[in-house]
Amino acid sequence: SELIRGFLLSGMPCPSSCPPGLLALMAPGLALMATFSLPSQAGDRGTLPVEKPPGVKGRTLILLDVNTKSPVRIISENFLSLQLDPSIIHDGWLDFLSRGGRAGLLRTPAPRVLSAAGEGAGTDFLQFHNVKNPAKSRGGPGPDYYLKNYEDDIVRSDIALDKQKGCKIAQHPDIMLELQREKAAQMHLVLLKEQFSNTYSNLTLTARSLDKLYNFADCSGLHLIFALNALRRNPNNSWNSSNALSLLKYSASKKYNISWELGNEPNNYRTLIGRSVNGSQLGKDYTQLRSLLQLIRTYSRAHLYGPNIGRPRKNVIAFLEGFMKAAGGTVDAVTWQHYYIDGRVAKVTDFLKTRLLDTLSDQIRKIQKVVNTYTPGKKIWLEGVGTTSAGGMNNLSNSYAAGFLWLNTLGLLASQGIDVVVRHSFLDHGHNHLVDQNFNPLPDYWLSLLYKRLIGPKVLAIHVAGLQRKPRPGRVIRDKLRIYAHCTSYHNHNYVRGSITLYIINLHRSRKKIKLAGTLRDKIVHQYLLQPYGKDGLHSRSVQLNGQPLAMVDDGTLPELKPRPLRAGRTLVIPPLTMSFYVVKNVNALACRYR
């Protein structure tokens, strides 16, 4: 909870229902939705009217200025959102999300989203049963046996909502967490087998599980988006909405404020059920779902998102075109997913390849072209993004190296106008998550936390000189030094309005020097340098900030993220293979003075 809170509490006051511990973690940073800056390649690289400082070699120096007069884009404060994989219902983690106030890790200072969908087919095998206490088989001794007995003995709701007293977070003995990890390890093997064989079993969502999921989101200050099962089909291949209607009616009876989706990666249904659902048919299904929502008073104005397609290859683009023709005006935002690498074959060097980092940019353009053809101006979400597919790979997907892809993803999406990005996943059965099974933050969590604390929604154009090398015939020059600029977050009270935050990815194996020029010249700068911690290097699952290792102080308290002040006019020295944030103080940028 506290981890969630830190994620969320960058500046927005927490709802009255949030528990104190949850607020603590969420306040500092990982907002469920946030935005990033314009990449250097998108900026104007004309030569700057700035003289080279004496004593610095021109070939090693990069001159950087920012257009402070007006933003090139203003992104939603809800840009960075999170996803929970449906597998948490199956493997038992849903009962432990609130442990130790860690929900605070997701807390944010603005409207934020928690998407209950995920990589793979789990969403489309979820069946709702409106029973509070389903019969439980009690086999022989084992983690599942003891967990089920323990569950019977605790308070029926793990997170009790009380608007007067706030959310009460259930505390679980450490032995139960150990048993849960053992059970989750067993379930992980089952889920991997299902993924590789394309043979899936149904997941049962009980009313009690839905209560816990919603209360967790509500207590964490998150808005829940729930993905309904789209694989229940009638003989004519139209959507069978009977089970979804039961879920909708139950949620409405509880007055749950939920937005909705239908299905996950529908372009892959042929491999799951032996028959395909084309874009036009799914569009009709969405129209049917919209009609159902309008019949239920609680959801008559609920938001609807889709179609949550996979990577936009040729057949997927055709699917999206059919969907947009039939239901482009029905959805509030168009959604798709992106995973960079097959998690089964990934290597750490893959995360350093600029060609790989740039694959997302082409996908964005393909999606935008289709959406703008049928519904110009319709918002687009990247709902489901991770460094690797197939659950990821241990010590790669959850390592420091994966942060290069994550930070660059945020930069590209913001610069190209994507409204929201939903990160897969806060916690799941694989290795793409932001926290481990002890609920300790992993490198991408700290990266996202810093971003939320320092980065505001206004994207600024940058002007760079000295970055490009001389092109060689037949060779594409791709940037290994990526620079982004935003107005500093208004929610960060350590900096006055008008300050600017840069964040920089250095994929070079040598350090780079940057001299701030123009409006940024001779300003005091605060450095937040993230580097791997420990002997594992890029494989490390721990990070250090300005030389100090980052770790939770206790279950409910994030550490203080202290900057390193740099004197006015000092050249920024960017170490090799690192990510960093720089707040340029008191610039009094016109673009950043007002919200």
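Scroll up a little and you will see the structure.
None of the values given here were measured: they were computed from a predicted structure.

What counts and how
Residues numbered from 1 in each chain as written. Predicted model: local features only at pLDDT ≥ 70, side-chain atom pairs only at ≥ 80, totals over all residues. Heavy atoms only, no water. Core = buried A, V, L, I, M, F, W, Y, C linked by side-chain atoms within 4.5 Å. Buried < 20%, exposed > 50% of the residue type's maximum accessible area, 1.4 Å probe, protein only. Helix = DSSP H or I, 4+ residues; strand = E, 2+ residues; numbered from the N terminus. Contact = heavy atoms within 4.5 Å. Expected span 1.5 Å × (residues − 1). Pairing = 2+ DSSP bridges. Axes fitted to C-alpha atoms, helices over the stretch in contact; angles between N-to-C directions. Disulfide = S-S within 2.5 Å. Phe/Tyr/Trp six-rings, centres within 6.5 Å; stacked < 30°, edge-to-face > 60°. Lys NZ or Arg CZ within 6 Å of the ring centre and 35° of its normal. Parallel < 35°, antiparallel > 145°, perpendicular 65-115°, else oblique. Left-handed = near helix turned anticlockwise from the far one by under 90°. Nonpolar A, V, L, I, M, F, W, Y, C, P; charged D, E, K, R; others polar.

## As for the nonpolar core
Part 1: By size, the foremost hydrophobic cluster in this structure holds 125 residues, and its most contacted members are Phe-226, Trp-260, Tyr-299, Trp-336 and Phe-581.
Part 2: Ranked by residues supplied to this core, first place goes to helix H13 (residues 402-415) with nine residues.
Part 3: Ignoring anything within four residues of it in the chain, the contact list for Phe-226 reads Ala-116, Leu-126, Leu-205, Leu-210, Leu-213, Leu-247, Ile-258, Ser-259, Trp-260 and Glu-261.
Part 4: Ile-62, Ile-462, Ile-504 and Val-587 belong to the second-largest nonpolar core, a separate cluster that totals 26 residues.

## Observations regarding helix H9 (residues 279-295)
Part 1: When the terminal C-alpha atoms of H9 are compared, their 25 Å separation across 17 residues agrees well with the 24 Å that a helix rising 1.5 Å per residue should span.
Part 2: Of the residues making up H9, those classed as buried are Gly-279, Gln-281, Leu-282, Gly-283, Asp-285, Tyr-286, Leu-289, Arg-290, Leu-292 and Leu-293.

## Topic: helix H7 (residues 242-253)
Part 1: Taking 1.5 Å as the rise per residue, H7 with 12 residues should run 16 Å; its terminal C-alpha atoms sit 17 Å apart, in good agreement.
Part 2: Of all the positions in H7, only Asn-243, Ala-244, Leu-247, Leu-248, Tyr-250, Ser-251 and Ala-252 are classed as buried.
Part 3: In the core, the buried residues of H7 are packed alongside strand E5 (126-129), strand E8 (203-206), helix H6 (207-219), strand E9 (223-228), strand E10 (258-262) and H9.
Part 4: Following H7 by one or two positions, Lys-255 adopts a phi angle in the positive range, close to 60°.

## As for the sheet that holds strand E19 (residues 512-516)
Part 1: With mixed pairing, the four strands of this open sheet are ordered in space as E16-E1-E19-E24. Looking along the sheet, the strands with just one partner apiece sit at the ends: strand E16 (462-465) and strand E24 (572-574). Going from strand to strand, the sheet's axes swing by 30° on average, the running direction of each strand aside.
Part 2: Two elements, strand E1 (residues 61-66) and E16, share four bridges in a ladder whose sense is antiparallel. In the strand pairing of E16, Val-66 is matched with Ile-462.

## Let's talk about the state of the cysteines
Joining two cysteines, a disulfide is a covalent bond between their sulfur atoms.
Part 1: Counted under the stated rule, the structure contains one disulfide.
Part 2: Here Cys-487 pairs with Cys-592 through a disulfide, and the sulfurs are 2.0 Å apart. Across the disulfide from Cys-487 to Cys-592, rotation about the S-S bond amounts to roughly -75°, and the bridge is consequently left-handed. Of the two residues, Cys-487 sits in strand E17 (residues 481-488) while Cys-592 sits in the segment after strand E25 (578-584), which places them 105 residues apart along the sequence. A single burial state applies to Cys-487 and to Cys-592, both of which are buried.

## Let's talk about the packing of aromatic side chains
Part 1: Across all of its chains, the model carries 10 aromatic pairs by this definition.
Part 2: Measuring from centroid to centroid gives 4.0 Å for Tyr-214 and Tyr-256, while their planes differ by 20°, and the two rings are stacked. In this pair, Tyr-214 is assigned in helix H6 and Tyr-256 in the loop between H7 and E10, connecting sequence segments 42 residues apart. Both residues of the pair, Tyr-214 and Tyr-256, belong to the buried class.
Part 3: Between Trp-260 and Tyr-299, the aromatic rings sit 5.3 Å apart at their centres with planes inclined by 85°, giving edge-to-face as the arrangement. Highlighted residues: Trp-260 in strand E10 and Tyr-299 in the loop between H9 and strand E11 (304-309), separated in sequence by 39 residues. Grouping residues by exposure puts Trp-260 and Tyr-299 together as buried.
Part 4: In this structure an aromatic cluster arises from ring pairing among Phe-226, Trp-260 and Tyr-299.
Part 5: For Arg-423, the ring lying beneath its charged end belongs to Trp-406, and the centroid distance is 4.8 Å.
Part 6: One residue, Arg-497, lies across the ring of Tyr-490, its end atom 4.8 Å from the ring centre.

## Description of the environment of Val-66
Part 1: Note on placement: Val-66 falls in strand E1.
Part 2: The sequence separation of Val-66 and Leu-460 amounts to 394 residues, and the corresponding C-alpha distance is 6.7 Å.
Part 3: Contact partners of Val-66, with chain neighbours within four places excluded, come to Leu-460, Ala-461, Ile-462, His-463, Ala-485, Ile-500, Leu-502, Thr-519 and Leu-520.

## Looking at the packing of H13 against helix H14 (residues 443-454)
Part 1: Contact pair H13 / H14: the axes reach a minimum separation of 9 Å and the direction vectors enclose 30°. Taken as axis vectors, H13 and H14 run roughly parallel relative to one another. The interaxial crossing formed by H13 with H14 has right-handed handedness. When H13 is examined against H14, the residues Ala-402, Gly-403, Trp-406 and Leu-407 are found in contact with a partner set consisting of Asp-444, Leu-447 and Ser-448.
Part 2: Each residue belonging to the contact of H13 with H14 can be placed in one class, and the counts come to four nonpolar, two polar and one charged.

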